[in-house]
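A closer look at the structure
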2 protein chains.
Amino acid sequence: MDKNQYCIIMAGGPGTRLWPISRTGMPKQFLEIAGTGKSFLRYTYDRYARFIPKDNIIIVTTAKYRDLVIAQLPELKEENLLLEPYGRNTAPCIAYATYTLLKRDPDAVMVVSPADHLIFDEAIFEANVLNAMEYARKEKVLMTIGLTPTRPDTNYGYIQVTGGKNGCHADTAVKVKTFTEKPDSELAKVFVESGEFLWNSGIFAWTARTIMEEMEKYIPEVTKLFTGWEKALGSKAETDFINRAYTDCINISIDYGVMEKTDRAWLYPASFGWADIGSWESLLEFYPDKDTFGNAVIAGKTLMDGDYRNMVISMDKGKLIAIKGLKDYLVIDTEDVLVICPKNDKQFKDFMAGIAMPEYEKYR
Amino acid sequence: MDKNQYCIIMAGGPGTRLWPISRTGMPKQFLEIAGTGKSFLRYTYDRYARFIPKDNIIIVTTAKYRDLVIAQLPELKEENLLLEPYGRNTAPCIAYATYTLLKRDPDAVMVVSPADHLIFDEAIFEANVLNAMEYARKEKVLMTIGLTPTRPDTNYGYIQVTGGKNGCHADTAVKVKTFTEKPDSELAKVFVESGEFLWNSGIFAWTARTIMEEMEKYIPEVTKLFTGWEKALGSKAETDFINRAYTDCINISIDYGVMEKTDRAWLYPASFGWADIGSWESLLEFYPDKDTFGNAVIAGKTLMDGDYRNMVISMDKGKLIAIKGLKDYLVIDTEDVLVICPKNDKQFKDFMAGIAMPEYEKYR
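Just so we're clear, the structure is a prediction, and the values are computed from it rather than from any experiment. Along each chain, numbering runs from 1 in the same order as the chain's sequence is written. The order in which chains are written sets their letters, starting at A; the order in which ligands are written sets their numbers, starting at 1. For this predicted model, a pLDDT threshold of at least 70 governs which residues receive local features, and a threshold of 80 or more governs which side-chain atom pairs are given and counted, while totals over whole chains, interfaces and linings are taken from all residues. To get the side-chain values, take all heavy atoms of the structure and skip hydrogens and water.

1. Some points on the overall build of chain A
Check the secondary structure of chain A and you find 12 helices and 17 strands. Restricting the calculation to C-alpha atoms gives the radius of gyration, and the globule rule supplies 2.2 Å times the number of residues raised to the power 0.38. Taken over the C-alpha trace, chain A has a radius of gyration of 21 Å; the compact-globule value for 364 residues is 21 Å, and the two agree within 12%. Structurally, chain A occupies a C-alpha span of about 60 × 55 × 40 Å along its principal axes. Under the scheme applied here, a residue whose accessible area is under 20% of the maximum for its type counts as buried, over 50% as exposed, and between as partly exposed, the area being computed with a 1.4 Å probe on protein chains only. Within the span of chain A, comprising 364 residues, buried residues form 55% of the whole. Note on contacts: a residue pair qualifies if any of its non-hydrogen atoms lie within 4.5 Å across the two residues. In chain A, the share of contacts with a sequence separation of at least 24, taken over all contacts with a separation of at least 6, comes to 67%. By element, 52% of the accessible surface of chain A is carried by carbon and sulfur atoms, the whole surface being about 15,400 Å². To qualify as a helix, a DSSP run of H or I must reach at least 4 residues; to qualify as a strand, a run of E must reach at least 2; elements of each kind are numbered from the N terminus. To measure how exposed things are, a 1.4 Å probe is used in the Shrake-Rupley method; for residues, cover is taken only from the protein chains shown.

If you want it as structure tokens, here you go:
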């Protein structure tokens, strides 16, 4: 293992997309992956620990999730847990991690990763990430891991590469032409058919110095808040410093703030098999053990009759779930919320918008 | 009040029709009527206590429900609570009550009543029942209270009166021609249109002596088990006697065992407004506070969108029930059972037949 290689795991997301299983008090990254006894975060950590020194794996999360992280990663050293007072999207999170890392190791090369993705081939993943990091270190570029799309998914971001439809070859980094956030379904189809677009995995590789330079160039309003951080770090003033920085900080993603603007954006076309389970629909798609009628059932005792392509989840394994005649529905039963809703992603999102009303706050 | 008048309330039913709210451990008669704080049994008791001496109101129930009855009717004297070791339908229950009553008062005239019906006009009810009892005492007949059907309900029994379509006049007892148990919907339509049929309320009026005579004539296999009961009653042998009698006793209804065979069956046409909420469909029909879209919702916090004519019940008032796009469904959420099923009675019954499988025993 290379002592200059670091992994930054961003584990502060509020996890509202898989509501009501994922809650603001227990977001997706801390949830157990069906029946395995290990959370998304724990899986992510272990996956990087195969090839990154454990002392170089840093978790950034929101302060309120501190105890959850420590419970799931008891071996994590205190200096490797960075606490944000509240979430401000990925750019401030990455700035916080980068300036912290630069003091520790000015030659650091980092992989920056979400905590809640599914990765299907860990060996290929290791090879792909190490190659991307190596390329980023050598060429001083901002590398995004991209994946060849298998369907026009509207929940993912897309990256267009230079060189047209033949511009992209497995395991060969390529310069980025454009970034597009979640497109509508027509645009997504065009993207997929063109052969020029890859899914944006949200996994990045770069040196601390390169990302610092580009952040200071494109989002100085964020980076200037970290002026003097190298002195505060490790002192009593540390928490106050971060609290003040975040109070003044805008909410901005690294994609929007830096990647879409810099001319140093490159893409590494990976092939490890990847999914960001960001919606109930995609969870149903990836669920391995569907019954003959296409139902994905994660529950204790069930009695079903005339049900097709539903996703049924009950958190209470002692409860009987008896359902007749439902097609293409989500049924999610938690201790304090029961949701019955068509599983069509758009319908579910529109419906769930109702949950934003103040009267439902305790159920969020 | 007449000291020879008695009321026998049959409160031993297993209450499986309104599953999963009504359970074998907590059948319908012990459930609170929506929001009132009083159970069906308590309502029934209070309704008779308006015109029957309280000391003459006797509850027959299954031994396992003893504590429930005492909790709901704390004023009930011990000698007015008759415990069956297990349910054997209405004929043995009535035999048990009749022989017990005959020892206490050979001139007793009884009204025999289910514990779980809805009665809409208590004053008319009182007048109707007192008239029926008086007629039964005077004429020594077996009187059933009948009600003019308002729809071809297939969940009720029907009684045909003599004298054709003009044979039946309000408040005038009439001789019975035939009894029919729950008919199919075509037959029910013919019955209602003919004008010769009334609903069988399951409420009977007779003297203890008359019903004894007819039971001894038509179901001697039941009555012979009570030979010697007048000696055992009040002694240490009482419980053993009843346990033995019930062990040997067949399961038989008073309608099938006696009423359909005797030539002393009469009907009293009542007009107090009556419903036997024996199905979810009928509960929805009678539920008073439906929303604009025809949904009957008995729950704490709800978020509904595009839902029509559903019955939604949640026993946990702290739980959020969020439902989108359901039409004509039952959604019933209890602590250990969640049912989602079309509210069409037949479909629900067919579905619920699955619950009879041994693996679901703990949820019954």
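That covers the picture; the talk isn't over yet.
2. Section: the nonpolar core
Joining through side-chain atoms within 4.5 Å is the link that ties buried Ala, Val, Leu, Ile, Met, Phe, Trp, Tyr and Cys residues into a set, and such a set is a nonpolar core. Tyr48(A) and Ile59(A) are the most contacted members of the largest nonpolar core, which has 75 residues in total. In contact with Tyr48(A), not counting residues within four places along its chain, are Cys7(A), Ile9(A), Ile57(A), Val111(A), Ser113(A), Phe125(A), Val129(A) and Ile203(A). One finds Trp274(B), Met311(B), Leu330(B) and Ile332(B) within the second-largest nonpolar core, a separate group that totals 73 residues.

3. Considering the sheet that holds strand β12 (residues 296–298) of chain A
Following DSSP output, two strands are said to pair if at least two bridges run between them. A sheet is described by the order of its strands in space; here six strands give the open sequence β12(A)-β14(A)-β16(A)-β17(A)-β15(B)-β13(B), paired in mixed fashion. Bordering the open sheet on either side are β12 of chain A together with β13 (301–305) of chain B, each of which pairs with just one other strand. Neighbour-to-neighbour, the strand axes of the sheet open up by a mean angle of 5°, direction not taken into account. Pairing geometry for strand β16 (residues 329–333) of chain A and strand β17 (residues 337–342) of chain A, over five bridges, is antiparallel. Directly across from Tyr329(A), in β17(A), lies its bridge partner Pro342(A). Helix axes use the C-alpha atoms of the stretch in contact, all axes being lines fitted to C-alpha atoms, and the angles between their N-to-C directions lie in the range 0 to 180 degrees.

4. Notes on unusual backbone geometry
Along the chain, Trp19(A) connects to Pro20(A) via a cis peptide bond; the corresponding omega equals 5°. Positive phi, close to 75°, is recorded for Asn89(A), a residue that is not glycine. Along the polypeptide, Asn89(A) turns up in the loop between β3 (81–84) and α3 (90–104). The phi angle at Lys140(B) is positive, at roughly 55°, despite the residue not being glycine. Following the sequence through the fold, Lys140(B) ends up in the loop between α4 (122–139) and β6 (142–147).

5. Regarding the confidence of the model for chain A
Confidence of the predictor at the level of single residues is given by pLDDT, which spans 0 to 100. Across chain A, the average pLDDT comes to 92, with 99% of residues at or above 70. Of the two predicted TM-score estimates for the complex, the pTM is 0.77 and the ipTM is 0.76.

6. Looking at the packing of aromatic side chains
Pairing of aromatic rings covers Phe, Tyr and Trp, the last counted by its six-membered ring, and requires centre-to-centre distances within 6.5 Å; plane angles under 30 degrees mean stacked, over 60 mean edge-to-face, and any other angle means tilted. Going through the model one piece at a time under the given rule, you end up with 36 aromatic pairs over all chains. With 5.8 Å between their ring centres and 80° between their planes, Tyr96(B) and Trp229(B) make a pair best called edge-to-face. One end of the pair, Tyr96(B), is in helix α3 (residues 90–104); the other, Trp229(B), is in helix α8 (residues 229–232), and 133 residues separate them in sequence. Classification of Tyr96(B) by relative accessible area gives buried; the value is 4%. For the cation-ring pair, Lys38(A) lies above Tyr43(A), with the distance from its terminal atom to the ring centre recorded as 4.4 Å. Only lysine NZ and arginine CZ atoms are considered, and such an atom sits over a ring when it is within 6 Å of the ring centre and within 35 degrees of the ring normal. Against the face of Phe125(A) rests Arg47(A), its NZ or CZ located 5.8 Å from the ring centre.

7. Brief notes about the relation of the copies chain B and chain A
The two copies are related by a screw operation: chain B maps onto chain A through 179° of rotation and 0.1 Å of translation along the axis, at an RMSD of 0.2 Å. What the superposition gives is, in effect, a two-fold axis relating one chain to the other. In this assembly the copies share their binding face: 100% of the residues contributing to the interface of chain B also contribute to that of chain A. Least-squares superposition aligns the copies on the C-alpha atoms of those residues with pLDDT at or above 70 in both.

8. Some details on the sheet that holds strand β13 (residues 301–305) of chain A
Taken in spatial order, the six strands line up as β13(A)-β15(A)-β17(B)-β16(B)-β14(B)-β12(B) in an open sheet, and their pairing is mixed. Edge positions in the sheet fall to β13 of chain A together with β12 (296–298) of chain B, since each of these pairs with one other strand and no more. When strand polarity is set aside, the average angle formed by the axes of neighbouring strands in this sheet is 5°. Pairing of β12(B) with strand β14 (residues 311–314) of chain B, which is carried by three bridges, proceeds in the parallel orientation.

9. Comments concerning a negative patch on the surface
Patch definition: residues with relative accessible area over 30% and no salt bridge; like charges joined within 9 Å; nonpolar side chains (Val, Leu, Ile, Met, Phe, Trp, Tyr) joined within 5 Å. Here, a salt bridge means any side-chain nitrogen of Lys or Arg that lies within 4 Å of a carboxyl oxygen of Asp or Glu. Two residue types count as positive, namely Lys and Arg, and two as negative, namely Asp and Glu; His and chain ends fall outside the count. Each charge is placed at NZ for Lys, CZ for Arg, CG for Asp and CD for Glu. Taken together, the side chains of Asp316(A), Glu335(A), Asp316(B) and Glu335(B) define an acidic patch exposed on the protein surface. In this fold, Glu335(A) is placed in the loop between β16 and β17. Take Glu335(A): its relative accessible area is 74%, and that puts it in the exposed class.

10. Describing the packing of α3(B) against helix α6 (residues 208–218) of chain B
Residue and element names in this part refer to chain B. Relative orientation of the contacting elements α3 and α6 amounts to 130°, with a least axis distance of 10 Å. One element, α3, and the other, α6, form an angle in the oblique class. Handedness of the crossing formed by α3 with α6: left-handed. Along the contact surface, α3 presents Ala-91, Ile-94, Ala-95, Thr-98, Tyr-99 and Leu-102, while α6 presents Ala-208, Arg-209, Ile-211, Met-212, Met-215 and Glu-216. Any angle that falls under 35 degrees is termed roughly parallel, while one over 145 is termed roughly antiparallel, one within 65 to 115 roughly perpendicular, and all others oblique. For any helix crossing, the convention is left-handed if the near helix is rotated counterclockwise from the far helix by under a right angle, and right-handed if that rotation is clockwise.

11. Thoughts on the pairing of strand β10 (residues 265–270) of chain A
In regular strands, side chains alternate between the two faces of the sheet. Residue and element names in this part refer to chain A. For β10, the tally of buried residues reaches six of six residues, placing the bulk of the element in the interior. The two faces of β10 match: Ala-265, Leu-267 and Pro-269 on one face and Trp-266, Tyr-268 and Ala-270 on the other face are all buried. Relative to β10, strand β8 (residues 174–180) runs antiparallel, the two being bridged by two bridges. For Val-174, the partnering residue across the bridge sits in β10 and is Leu-267.

12. Some thoughts on the interface of chain B and chain A
Residue-level contacts link 36 residues of chain B with 37 residues of chain A. We define buried area as the total accessible area lost by two parts upon association, computed with a 1.4 Å probe and summed across both. Between chain B and chain A, roughly 2,900 Å² of surface is buried when both sides are summed, and carbon and sulfur atoms account for 64% of that area. Between the two partners, chain B and chain A, sit four salt bridges. The partner of Asp333(A) in a salt bridge is Lys319(B), with the nearest N and O atoms 2.6 Å apart. Between N or O atoms, a polar contact is any pair within 3.5 Å; within protein, one atom must be a potential hydrogen donor and the other a potential acceptor, and residues adjacent in sequence are included only when both atoms are from side chains. Joining chain B to chain A, the criterion identifies 22 residue pairs in polar contact (both at pLDDT 80 or more). Counting only elements with at least two residues in the side of chain B that touches chain A, the list comes to β13, β15 (320–324), β16 (329–333), β17 (337–342) and α12 (345–352) of chain B. Looking at the side of chain B that touches chain A, the element that brings in the most residues is β17(B), giving six residues. Polarity classes work like this: nonpolar for Ala, Val, Leu, Ile, Met, Phe, Trp, Tyr, Cys and Pro, charged for Asp, Glu, Lys and Arg, and polar for all others, with Gly in that last group. When its residues are assigned to classes, the side of chain B that touches chain A shows 20 nonpolar, six polar and 10 charged. Two strands pair when backbone bridges link them, and β17(A) and β15(B) are joined in this way by four bridges, in the parallel orientation. Looking at the pairing, Val339(A) lines up with Ala322(B) of β15(B).

13. Details of the side chain of Asp333(B)
Assignment of secondary structure puts Asp333(B) in strand β16. Reaching out from Asp333(B), the side chain makes a polar contact with the side chain of Lys319(A) at a distance of 2.6 Å. Beyond its immediate chain neighbours, meaning those up to four positions away, Asp333(B) contacts Lys319(A), Asp333(A), Leu338(A), Ile313(B), Ser314(B), Met315(B), Lys319(B), Ile321(B) and Leu338(B).

14. Observations concerning α12(B)
Those residues of α12(B) lying buried are Asp345(B), Phe348(B), Phe351(B) and Met352(B). Along the axis of α12(B), the buried residues cluster in a sector spanning 130°; they form a single face. Residues of α12(B) that are buried in the fold lie against β13 and β15 (320–324) of chain A together with α11 (280–286), β16 and β17 of chain B. Between the side-chain oxygen of the N-cap and the backbone nitrogen of Gln347(B) there are 3.0 Å, and the N-cap of α12(B) in question is Asn344(B). The arc under discussion is defined with respect to the helix axis, by the directions toward the C-beta atoms.

15. Observations concerning the pattern of salt bridges
Summed over all chains, the structure comprises 48 salt bridges over all chains. Here Glu75(A) makes a salt bridge to Lys54(A), at a shortest N to O gap of 3.6 Å. Taken together, the residues span a long stretch of sequence, with Glu75(A) in the loop between α2 (66–72) and β3 and Lys54(A) in the loop between α1 (40–49) and β2 (57–62) at a distance of 21 residues. A relative accessible area of 34% places Glu75(A) in the partly exposed class. Between Lys324(B) and Asp305(B) there is a salt bridge, with its nearest N and O atoms 3.0 Å apart. Of this pair, Lys324(B) sits in strand β15 while Asp305(B) sits in strand β13; the two residues are 19 residues apart in sequence, bridging distant segments of the chain. The class of Lys324(B) is buried, set by a relative accessible area of 12%. Each of Lys38(A), Arg42(A), Asp46(A), Lys54(A) and Glu75(A) takes part in one network of salt bridges that share partners.

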